[in-house]
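Secondary and tertiary structure notes
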Amino acid sequence: MRVAVVLAWPDSYLQRELVLPEGCTVADAIEAAALPGAELAAAVAVHGVLARQQQVLLDGDRVELLRPLLADPKENRRRRARGGD
């Protein structure tokens, strides 16, 4: 089965296309991709939906390594509502 593993930054991204045996998990795909910086991922998603490391992948899945947030979205909204930028 074919699976993509992606790690993105604001101005660039790394992507590895893998061919893995049926029954592989998210953790297996991340290990096989060996993307630099993967260990810093705060969470993992499959096609944009949060996933667990033990989730079994299907052919065509895209595993996304999610970076930690730099700012709290709720706090940003509060600041904008108060008129601050």
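What comes next concerns the included structure. Each chain has its residues counted from 1, running along the sequence as written. Only residues with pLDDT of at least 70 are given local features in this predicted model, and only at 80 or more are side-chain atom pairs given and counted; all residues enter the totals for whole chains, interfaces and linings. Hydrogens and water are ignored here; the side-chain numbers use all heavy atoms of the structure.

Here we come to the overall build of the protein. When you go through the protein residue by residue, the secondary structure sums to 2 helices and 5 strands. Comment: elements are numbered from the N terminus, with helices defined as DSSP H or I runs of at least four residues and strands as E runs of at least two. Ordered by position from the N terminus, the helices and strands of the protein form the series β-β-α-β-β-β-α. When each of the 85 residues of the protein is scored for burial, the buried share is 31%. Two residues qualify as a contact provided that any one of their heavy atoms is within 4.5 Å of a heavy atom in the partner residue. Counting only contacts in the protein whose residues sit at least 6 apart along the sequence, the fraction spanning at least 24 positions is 47%. Just so you have it, the protein exposes about 5900 Å², and 54% of that area is on carbon and sulfur atoms. For the purpose of counting charges, residues Lys and Arg are taken to be positive, whereas Asp and Glu are taken to be negative. His and the chain ends are not included. Charge coordinates come from a single atom per side chain, which is NZ of Lys, CZ of Arg, CG of Asp or CD of Glu. The averaged location of the 12 negative side-chain charges in the protein is 11 Å from the averaged location of its 11 positive side-chain charges. Each residue's exposure class comes from its accessible area (1.4 Å probe, protein chains only) as a fraction of the maximum for that residue type: buried when under 20%, exposed when over 50%, partly exposed otherwise. Every accessible area reported is derived by Shrake-Rupley at a probe size of 1.4 Å, with residue values counting cover from the shown protein chains alone.

Salt bridges are defined as contacts in which a side-chain nitrogen from Lys or Arg sits within 4 Å of a carboxyl oxygen from Asp or Glu. Under the definition given, this model contains 1 salt bridge. Arg-62 is paired through a salt bridge with Glu-64; the nearest N and O atoms lie 2.3 Å apart. Accessibility expressed as a relative area gives 14% for Glu-64, which makes it buried.

Treat this as a map of the structure, not an account of what it does.
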